[in-house]
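Examination of the molecular architecture
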Amino acid sequence: MATTSRTSNPYVLLLTTMVLWGSSFSSSKSVVEHVPHSVGALLRFGGGALALLLAVALFGNREQRVPARNGWLAAAAGVLGVFAYNGFFFWGLSLAPSLDAGILIPVMSPVLTSSFLLLTGKEKPNWARVTGLAIGLVGAAIFFLGAGGSGGGGSSRLLGDALFLLSAVCWASYTLAGPRVLKGIEPLKATTYATCAGAVLLAVLAAPDLPEVEWSELPASVWWNSAFLAIGAAAVANLLYYRGVGAVGPAKASLMMFNVPIVNTLCATVLLGESFGWLQGTGALVLVLGAVIAVTQGKLPRRAARPDAQPRAGEEAKSHAGSATSPAEGS
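Analysis parameters
- Residues numbered from 1 in each chain as written.
- Predicted model: local features only at pLDDT ≥ 70, side-chain atom pairs only at ≥ 80, totals over all residues.
- Heavy atoms only, no water.
- Helix = DSSP H or I, 4+ residues; strand = E, 2+ residues; numbered from the N terminus.
- Buried < 20%, exposed > 50% of the residue type's maximum accessible area, 1.4 Å probe, protein only.
- Contact = heavy atoms within 4.5 Å.
- Areas by Shrake-Rupley, 256 points an atom, 1.4 Å probe, with all protein chains shown as cover.
- pLDDT = per-residue confidence, 0-100.
- Core = buried A, V, L, I, M, F, W, Y, C linked by side-chain atoms within 4.5 Å.
- Phe/Tyr/Trp six-rings, centres within 6.5 Å; stacked < 30°, edge-to-face > 60°.
- Expected span 1.5 Å × (residues − 1).
- Bend = angle between axes of the 7 residues up to and from the residue.
- Salt bridge = Lys/Arg side-chain N within 4 Å of Asp/Glu carboxyl O.
- Axes fitted to C-alpha atoms, helices over the stretch in contact; angles between N-to-C directions.
- Parallel < 35°, antiparallel > 145°, perpendicular 65-115°, else oblique.
- Patch = residues over 30% accessible without salt bridge, like charges linked within 9 Å, V, L, I, M, F, W, Y side chains within 5 Å.
- Lys, Arg positive; Asp, Glu negative; His and termini not counted.
- Charge placed at Lys NZ, Arg CZ, Asp CG, Glu CD.

A word on the overall build of the chain. Secondary structure assignment for the chain yields twelve helices and zero strands. Listed by position from the N terminus, the elements making up the chain come as α-α-α-α-α-α-α-α-α-α-α-α. Here the chain holds 331 residues, and 48% of them are scored as buried. A separation of at least 24 residues holds for 90% of the contacts in the chain among residues at least 6 apart in sequence. Accessible surface for the chain amounts to roughly 16300 Å². Of this, 66% is attributable to carbon and sulfur atoms.

What follows is about the confidence of the model for the chain. Residues of the chain with pLDDT of at least 70 account for 82%, and the chain-wide mean is 79. Confidence scores differ between elements of the chain, with helix α12 (residues 316–323) showing the lowest mean pLDDT of 34 and helix α1 (residues 10–32) the highest of 91. Contacts from residues 1–7, a stretch scored under 50 in pLDDT, to residues over four places away or in other chains number ten contacts. Contacts of residues 304–331 to residues separated by more than four positions or lying in other chains number 36 contacts, the stretch itself having pLDDT below 50.

With that out of the way, let us pick up the side chain of Asn86. Topologically, Asn86 is positioned in helix α3 (residues 68–93). Those residues in contact with Asn86, other than ones at most four positions away along the chain, are Ala41, Arg44, Phe45 and Gly81.

A word on the nonpolar core. Of all hydrophobic cores here, the largest spans 53 residues; its most connected members are Trp21, Phe89 and Phe164. For Trp21, the contacting residues outside a window of four places in its chain are Trp171, Ala233, Ala237, Asn238, Tyr241, Met257 and Val260. Judged by nonpolar contacts, the second largest core, of eleven residues, contains Leu42, Leu43, Ala206 and Val213.

To continue, consider the packing of aromatic side chains. A full pass over the atoms with the stated rule returns eight aromatic pairs. Here Tyr85 and Trp171 contribute two aromatic rings whose centre-to-centre distance is 5.6 Å and whose plane-to-plane angle is 55 degrees, an arrangement assigned as tilted. With Tyr85 in helix α3 and Trp171 in helix α6 (residues 154–182), this pair connects stretches of sequence that are 86 residues apart. One exposure class covers both Tyr85 and Trp171, and it is buried. An angle of 45 degrees between the planes, with centres 6.3 Å apart, marks the rings of Phe89 and Phe164 as tilted. Note that Phe89 is positioned in helix α3 and Phe164 in helix α6, a separation of 75 residues in sequence. In this structure Phe164 comes out as buried when scored by relative accessible area, which is 0%. An aromatic cluster of at least three residues, connected via ring pairs, comprises Trp21, Phe25, Tyr85, Phe89, Phe90, Phe164, Trp171 and Tyr174.

Let us look at helix α4 (residues 98–119). Spanning 22 residues, α4 covers 31 Å between terminal C-alpha atoms, matching the ideal 32 Å at 1.5 Å per step. Its axis deflected by about 30 degrees at Met108, α4 carries its strongest bend there, up to four residues before the proline Pro110. In terms of residue burial, α4 counts as a mostly covered element, since 19 of its 22 residues are buried. Immediately downstream of α4, the backbone of Gly121 shows phi near 75 degrees, a positive value.

To continue, consider the pattern of salt bridges. Under the counting rule described, the total for this entry stands at one salt bridge. Of the charged contacts, one joins Asp100 and Arg157 as a salt bridge, the two residues approaching to 2.8 Å between their closest N and O atoms. You can see Asp100 sitting in helix α4 and its partner Arg157 sitting in helix α6, a full 57 residues away along the chain.

Our focus in this paragraph is the packing of α4 against helix α10 (residues 259–271). Contact pair α4 / α10: the axes reach a minimum separation of 9 Å and the direction vectors enclose 175 degrees. Looking at the two axes, α4 sits roughly antiparallel to α10. Counting all contacts with α4, which are made through Ser98, Leu99, Gly102, Ile103, Pro106 and Val107, the residues of α10 involved are Val260, Pro261, Asn264, Thr265 and Ala268.

On the surface, Arg69, Lys122, Arg180 and Lys183 cluster together into a patch of positive charge. Topologically, Arg69 is positioned in helix α3.

Looking at where Leu117 falls in the secondary structure, it is placed in helix α4. For the pair Leu117 and Leu176, spaced 59 residues apart in sequence, the C-alpha to C-alpha distance is 9.0 Å. Sequence-distant contacts of Leu117, that is, excluding residues within four places in its chain, are made with Lys122, Glu123 and Leu176.

Here's what the structure looks like:
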């Protein structure tokens, strides 16, 4: 079983992932301004699939055989985390600013994940988590009211934001499926299976729109942004994320998601000139506050133990028991 190198700080890997993901919203918006949203999704993940296939050929563990069941599970996860997520995401980008996507998707995803775990009894409720989720839902309601108002952009922006919310539902489902999908398969191959499966379905979705694109007239910026989205935001970022989660666990890794709205807001305002109305801005702040309280449960996580630290007596068995639920097992 391969592990993250001791010289690679997992938080650096995760922060790099969040920068790549945060900047991808504005980059994706630049692409859908020139091509249909279905074609934009295909350019991102079709290219990402090719990049990952090349990475598997160069760096994958050729001796490890992937059981058919694991391969099919990873491919099924790609239907949620690549096809459905990006189908809704790029459709939403054709209607609403990337600024909205960079708030709703990375913030609502952990809120929805926590809500599901509480409702199904897989996690015990406490005052901090319930309060945080309630605050987050209030913030989301304010955000949507702002999107639909005269100062927010009207019904088009509201519909786009609703599609971003569906994207968040897909990503939360993909996250919840992670432990089962990644058990017994290395992250690089799991990411490749999921991305390739999603890319094939995106190609089917984009097929009717492909003849409409004037490929020779597309500006160079479309190709540069598509290359960045495919290699950086799709292939490299997903791989770094899986490795980071494997090192620090999903709870601590989820906290890093709150860097995405910061990076996205900077990119959207500086590069694209997008902005919030005051009501949407208020809703965004309330939503982020509630999500932070819910995810942290009112306290910061303890510092992760060093890789070379030896467990104290009685803790080794507990450590092995907990590792069975890690979404990066087999990495």
